[in-house]
Amino acid sequence: MMCQSEARRGPELRAAKWLHFPQLALRRRLGQLSCMSRPALKLRSWPLTVLYYLLPFGALRPLSRVGWRPVSRVALYKSVPTRLLSRAWGRLNQVELPHWLRRPVYSLYIWTFGVNMKEAAVEDLHHYRNLSEFFRRKLKPQARPVCGLHSVISPSDGRILNFGQVKNCEVEQVKGVTYSLESFLGPRTCTEDLPFPPATSCDSFKNQLVTREGNELYHCVIYLAPGDYHCFHSPTDWTVSHRRHFPGSLMSVNPGMARWIKELFCHNERVVLTGDWKHGFFSLTAVGATNVGSIRIYFDQDLHTNSPRHSKGSYNDFSFVTHTNREGVPMRKGEHLGEFNLGSTIVLIFEAPKDFNFQLKTGQKIRFGEALGSL
């Protein structure tokens, strides 16, 4: 009887051994991976992680039994070479399209993103030699009247993601997801040309920016979709005295991604313009995004974004205050300031009296020239 039972169990034992051998081999392979350097480990585990998220749920679950854990979706997305892809996309945008191909290509884009070409200064699609010219199209002068009754207007077309007072040195990129004010604007410097006031060690970064007693710090985030008008303008009468360029990633900044990745705006490449308006500190930040490696400021010819010579994690300062120009660059409300390629985000952070009120709702569509708020 014992021999018969063992004979019956023989195939089961052999099958168990065959099933056990792959796990032992995989455990050994993962042990080898654990001894690798971090860059090599990321390179080797990246394809397996992609399969983990692409295959049906639970297909690679046995891997967890031998100690393997997939890279998080956020880390996986951050590992995508968005700067290189955006640089390639920028070069593709510069390629001149044959005359016969322009209308079908631009018509597809117009249909996909809902572009209103009746507002364009030039409605003829054959006029735009390449995609870059089409993205940066100008509007008819009467298409965007500038509101003269309110002190701060929208600098661009887009959607309001968030607005309000800055509290505890944290700013909301979307509701419930914040980023650090100091990480976003960068550390203080002691250069006399910068608009920041002298600080003491006990002051918070937020209090260092508020230059006048009784004022508060406010913020407003505007997302530009691919179909929006891509130029941005001065939101008020102010003087730009300093530019800080942060080379960084070029991840998507659409609202869904902003809810997913904390401090997204701090990771992405951005250009921070700081200065003063009649109520104190004022700043406008143009945040880059995927396929938006090019951020252009019209009066700043030295600015070159998404350049291979700039490394992530650093920043470059430039002062517009010189010995011959002690004021900086004066900007009038509604004046042309800069432009994106495709779509991105504008972040306003400014000082104003406590009775400043936004005339906005979260999620609403807004156009350049419309009121953001006033006293």
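Quick caveat: nothing in here was measured; it's all calculated off a predicted structure. (Residues numbered from 1 in each chain as written. Predicted model: local features only at pLDDT ≥ 70, side-chain atom pairs only at ≥ 80, totals over all residues. Heavy atoms only, no water.)

Visitor: Before we go on, may I ask you to explain the overall build of the protein in this structure?
Guide: Of the regular secondary structure elements, the protein holds 10 helices and 17 strands. Partitioning the contacts of the protein with sequence separation of at least 6, the portion at a separation of at least 24 is 75%. For the protein, the accessible area works out to roughly 19,800 Å², and carbon and sulfur atoms hold 56% of it. (Helix = DSSP H or I, 4+ residues; strand = E, 2+ residues; numbered from the N terminus. Contact = heavy atoms within 4.5 Å. Areas by Shrake-Rupley, 256 points an atom, 1.4 Å probe, with all protein chains shown as cover.)

Visitor: Please explain the UniProt feature "modified residue: Pyruvic acid (Ser)" (unreviewed entry) in the protein as it appears in this structure.
Guide: Residues annotated in UniProt with the feature "modified residue: Pyruvic acid (Ser)" (unreviewed entry) correspond here to Ser344. Its location among the elements puts Ser344 in the loop between strand 13 (336-340) and strand 14 (345-353). (UniProt positions renumbered as here; feature names shortened; annotations may be inferred.)

Visitor: Sorry, what's going on with the nonpolar core here?
Guide: A general feature of soluble globular proteins is that nonpolar side chains tend to end up buried together. Core analysis: the largest hydrophobic core is formed by 32 residues, its most contacted members being Phe232, Trp238, Ile346, Leu348, Phe350 and Leu372. Counting only elements with at least two residues in this core, the list comes to strand 5 (215-223), strand 7 (238-246), strand 8 (270-277), strand 9 (280-287), strand 10 (295-297), strand 12 (329-331), strand 13 and strand 14. For this core, the leading source of residues is strand 14, giving four residues. Setting aside chain neighbours within four positions, we find Ile346 in contact with Pro155, Ser156, Cys220, Val221, Ile222, Leu224, Phe232, Leu284, Thr285, Ala286 and Phe340. (Core = buried A, V, L, I, M, F, W, Y, C linked by side-chain atoms within 4.5 Å. Buried < 20%, exposed > 50% of the residue type's maximum accessible area, 1.4 Å probe, protein only.)

Visitor: Is there a simple way to think about the sheet that holds strand 13 in this case?
Guide: As a general point, the strands of a sheet are linked pairwise by backbone hydrogen bonds and lie either parallel or antiparallel. Taken in spatial order, the three strands line up as 6-13-10 in an open sheet, and their pairing is antiparallel. Of all the strands in the sheet, the pair left with one neighbour each is strand 6 (231-233) and strand 10. Strand after strand, the sheet turns through a mean of 20° between neighbouring axes, direction not considered. In terms of strand pairing, strand 10 meets strand 13 through three bridges, oriented antiparallel. Across the sheet, the residue bridging to Ile297 is Gly338, located in strand 13. (Pairing = 2+ DSSP bridges. Axes fitted to C-alpha atoms, helices over the stretch in contact; angles between N-to-C directions.)

Visitor: Sorry, what's going on with the side chain of Asn215 here?
Guide: Residue placement: Asn215 occurs in strand 5. Reaching out from Asn215, the side chain makes a polar contact with the side chain of Glu351 at a distance of 2.9 Å. Beyond its immediate chain neighbours, meaning those up to four positions away, Asn215 contacts Val210, His279, Glu351, Ala352 and Pro353. (Polar contact = N/O pair within 3.5 Å; in protein donor to acceptor, adjacent residues only side chain to side chain.)

Visitor: For this particular structure, what's the right way to read the packing of aromatic side chains?
Guide: Within a pair of aromatic rings, the relevant descriptors are the distance that separates the centres and the angle that separates the planes. In the structure shown here, the tally under the stated rule is 21 aromatic pairs. Here Tyr128 and Phe134 contribute two aromatic rings whose centre-to-centre distance is 5.6 Å and whose plane-to-plane angle is 80°, an arrangement assigned as edge-to-face. Classification of Tyr128 as buried rests on a relative accessible area of 4%. Through pairs of rings, three or more aromatic residues link up here, namely Phe163, Tyr218, Trp238, Trp277, Phe282, Phe350, Phe356 and Phe358. Over the face of the ring belonging to Phe246 we find Arg270, whose NZ or CZ atom lies 3.9 Å from the ring centre. (Phe/Tyr/Trp six-rings, centres within 6.5 Å; stacked < 30°, edge-to-face > 60°. Lys NZ or Arg CZ within 6 Å of the ring centre and 35° of its normal.)

Visitor: Honestly, the environment of Ser234 in this entry has me stumped. Any pointers?
Guide: Tracing the backbone through its elements, the reader meets Ser234 in the loop between strand 6 and strand 7. Accessibility expressed as a relative area gives 0% for Ser234, which makes it buried. Every residue in contact with Ser234, bar those within four places of it in the chain, is listed here: Ile153, Met331, Arg332, Lys333, Gly334, Glu335 and Leu337. At 2.6 Å, the side chain of Ser234 forms a polar contact with the backbone oxygen of Thr236.

Visitor: Would you mind showing me how to read helix 5 (residues 99-113) here?
Guide: Side chains three or four residues apart in an α-helix point the same way, a direct result of the helix having 3.6 residues per turn. Across its 15 residues, helix 5 extends 22 Å between first and last C-alpha, which sits within 8% of the 21 Å expected from 1.5 Å per residue. Buried residues along helix 5 sit against helix 6 (131-135). With its phi angle positive at about 70°, Gly114 sits one or two positions after the end of helix 5. (Expected span 1.5 Å × (residues − 1).)

Visitor: So what exactly am I meant to see when it comes to the UniProt feature "active site" (unreviewed entry) in the protein here?
Guide: UniProt records the feature "active site" (unreviewed entry) at Asp157, His233 and Ser344, using the numbering of this structure. In summary, the annotated positions, though distributed over 188 residues, converge in three dimensions, the widest C-alpha pair being only 14.2 Å. Within the secondary structure, Asp157 sits in the loop between strand 1 (152-153) and strand 2 (158-165). Taking the relative accessible area as the measure of exposure, Asp157 reaches 5% and is therefore buried.

Visitor: Before we go on, may I ask you to explain the pairing of strand 5 in this structure?
Guide: In summary, the side chains of a regular strand alternate between the two faces of the sheet. Counting buried positions over the nine residues of strand 5 gives nine, a clear majority of the element. Burial along strand 5 is two-sided: the residues Asn215, Leu217, His219, Val221 and Tyr223 and Glu216, Tyr218, Cys220 and Ile222 are all buried.

Visitor: In this structure, what is going on with the sheet that holds strand 15 (residues 357-358)? I would like to understand it.
Guide: Taken in spatial order, the three strands make up an open sheet running 1-17-15, and their pairing is antiparallel. Each end of this open sheet is capped by a strand with a single partner; those strands are strand 1 and strand 15. Direction of pairing for strand 15 relative to strand 17 (residues 371-374): antiparallel, over a ladder of two bridges. For Asn357, the partnering residue across the bridge sits in strand 17 and is Ser374.

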